[in-house]
Amino acid sequence: MTDAAVQVVSELTACACVFAPTAEVYVSLRYRDGALRVVLYDGHPRHTHPRLAAACDARRRSALRLPACVVRACGGDWGFGDAREPGGGTRMWAVLPHAGAHGYTGDREP
């Protein structure tokens, strides 16, 4: 499941670095119940103005298209939202089930 995990972790990290107002991001990887759980926190707070919040969410969702495809190909789940940690920010997460990610290679036949 290394190919899927590396691709998802690197894409989530790149996205966090683009949105984070500082150079700090937090990454957590945990294998539990037959799945790899990836969680990233960045310090980008949710906008208070509804239009700015919607535009920012759309921009982040667009930046996460590739990892979303990988996660779906593996039969997993992903998302993002407000961080529940003190200090706020954004939490992004992905769940890669071992059974689905084990056969993922990222290669596509033309």
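Residues numbered from 1 in each chain as written. Predicted model: local features only at pLDDT ≥ 70, side-chain atom pairs only at ≥ 80, totals over all residues. Heavy atoms only, no water.

K.L.:
Is there a simple way to think about the packing of aromatic side chains in this case?
P.N.:
A ring pair, where both rings are aromatic, is described by two values, the distance of the centres and the angle of the planes. Scanning the entire structure with this criterion turns up one aromatic pair. The positively charged end of Arg-59 is found above the aromatic ring belonging to Phe-19, 4.8 Å away from the centroid. Its guanidinium or amino end placed over the ring of Phe-19, Arg-60 lies 4.2 Å from that ring's centre, counting from NZ or CZ. (Phe/Tyr/Trp six-rings, centres within 6.5 Å; stacked < 30°, edge-to-face > 60°. Lys NZ or Arg CZ within 6 Å of the ring centre and 35° of its normal.)

K.L.:
Sorry, what's going on with the sheet that holds strand β1 (residues 25-32) here?
P.N.:
Neighbouring strands of a sheet are bound in pairs by backbone hydrogen bonds; such pairs are parallel or else antiparallel. As summarised here, the arrangement of the four strands in space is β1-β2-β4-β3, forming an open sheet in which the pairing is antiparallel. Taken across any chain shown, the strands that pair with only one partner, and hence form the sheet edges, are β1 and β3 (77-82). Across the sheet, the axes of successive neighbouring strands diverge by a mean angle of 15 degrees, strand direction being ignored. Pairing geometry for β1 and strand β2 (residues 35-42), over eight bridges, is antiparallel. The partner of Arg-30 across the bridge, within β2, is Arg-37. (Pairing = 2+ DSSP bridges. Helix = DSSP H or I, 4+ residues; strand = E, 2+ residues; numbered from the N terminus. Axes fitted to C-alpha atoms, helices over the stretch in contact; angles between N-to-C directions.)

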